[in-house]
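Residue strings, one per chain:
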Amino acid sequence: MKIWIDISNSPHVRFFKDIIKYFENEGEDVVVTGRDFGDIHKLMDMYDIDFISVGGHGVSLEEKLKASADRVVELADLISGENFDVALAKHSIELPRVAFGLGIPSLFVLDNEHAVAANKLTLPLCNRIITPNSLDMWKLIQYGADPNKILSYNGTCELMHFNDFKCNKNIFKDLGLDLSLEKTILMRPEPSLASYLDADCHKSVLSPVVDILKEYANILILPRFKEQADIFEGIKNVTILEPPVDTSSLIKQVDLVIGAGGTMNREAAILQTPVISCYPGTTLSVDQFYIDQGLMYRTNDLDEIIDNALKFIETPRNNLNLKTDDLFQLIIDNTYDLAKK
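Heads up: these notes are all about the structure in this document. Owing to the predicted nature of the structure, the values given are computational and were not obtained by experimental measurement. (Residues numbered from 1 in each chain as written. Predicted model: local features only at pLDDT ≥ 70, side-chain atom pairs only at ≥ 80, totals over all residues. Heavy atoms only, no water.)

1. Regarding a negative patch on the surface
- Together, Glu24, Asp45, Asp48 and Asp50 line one region of the surface with negative charge.
- Mapped onto the elements, Asp50 comes out in the loop between helix 2 (40-46) and strand 3 (52-53).
- According to the relative accessible area criterion, Asp50 is exposed, its value standing at 66%. (Patch = residues over 30% accessible without salt bridge, like charges linked within 9 Å, V, L, I, M, F, W, Y side chains within 5 Å. Areas by Shrake-Rupley, 256 points an atom, 1.4 Å probe, with all protein chains shown as cover. Salt bridge = Lys/Arg side-chain N within 4 Å of Asp/Glu carboxyl O. Lys, Arg positive; Asp, Glu negative; His and termini not counted. Charge placed at Lys NZ, Arg CZ, Asp CG, Glu CD. Helix = DSSP H or I, 4+ residues; strand = E, 2+ residues; numbered from the N terminus. Buried < 20%, exposed > 50% of the residue type's maximum accessible area, 1.4 Å probe, protein only.)

Here's what the structure looks like:
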């Protein structure tokens, strides 16, 4: 079987790394393409994944449109005539379009029902869509998804990041961190370059949070790009991490996670590290899944963030029972099934 996997965002590397290894160990021919964006290339190297770099990412709407159009052409040139049996992606804009145009069955993983433009461009073209059951299926249908092609599961995509996770308890030492205070908080700024958020990459909702909490805990900032790193440069008790790092072990070892994004917050919920989401957009259904189970706290109010942060770092909570489905096996089974058709 010949499989094409396209990776267009940094968290998708961790999502697909064990899928890639599984198929390779089974003797399948796997070709991985990766957009030049964020930490994708560094993470591919970190996880020893062979890949072909294809295309980039813009900042303005015009740049994003042109970059995506160019990438469709580049991928079509690369994939055409290679006789792929099936194509896999998570929120890649280009893979469904190229796969549809070349007659390759596609398996698409989706977890953001608010990415309107991306969903309209992709869902109508996919042969099978795997999505958390917490998402509003009617929204997906309104975007053009065929309800007969949607497979839902209990959980979120971040479950895939921990298939073979072993925590490095020496992660602080390995990163050479000089932590002067007893408590440590990991923070992740908002995805300000994403089309569904449209935020200013030179500002962050975390700035006032850092200004206060730096007096109570070591602050580790994991920026998405240089402009975000510059925002927090030179602040007392603040360390800016240089990706890629073992974020899973960091999340497990810190006392609290405060995130203005999504993926790392949900990873913290799965690992049962206290987490506060201050994502500046509409609450995602996949976040609500963990909020409802008491594994994530959600607020954009500064006073509430600070009050709860101080409470969480002083009083660790007991682990809760988290019930989820086997997403890994669901993807494996459906990949083989599509390849037979």
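Structure's up, so let's keep going.
2. Points about the packing of aromatic side chains
- All told, the structure shown has 7 aromatic pairs when counted by the stated rule.
- On the basis of an interplanar angle of 75° and a centroid distance of 5.7 Å, the ring pair of Tyr22 and Phe23 is categorised as edge-to-face.
- Residue Tyr22 is classed as partly exposed on the basis of its relative accessible area of 27%.
- Judged by centre distance (5.8 Å) and plane angle (90°), the rings of Tyr22 and Phe328 are edge-to-face. Within this pair, whereas Tyr22 is found in helix 1 (residues 11-25), its partner Phe328 is found in helix 14 (residues 327-340), the two being separated by 306 residues in sequence.
- Each member of the aromatic cluster is reached from another via a ring pair, and the members are Tyr22, Phe23, Phe328 and Tyr336.
- In this structure, Lys2 is placed above the aromatic ring of Phe84, and the distance from its NZ or CZ to the ring centre is 5.0 Å.
- The residue whose ring lies beneath Arg35 is Phe37, and the NZ or CZ to ring-centre distance is 4.8 Å. (Phe/Tyr/Trp six-rings, centres within 6.5 Å; stacked < 30°, edge-to-face > 60°. Lys NZ or Arg CZ within 6 Å of the ring centre and 35° of its normal.)

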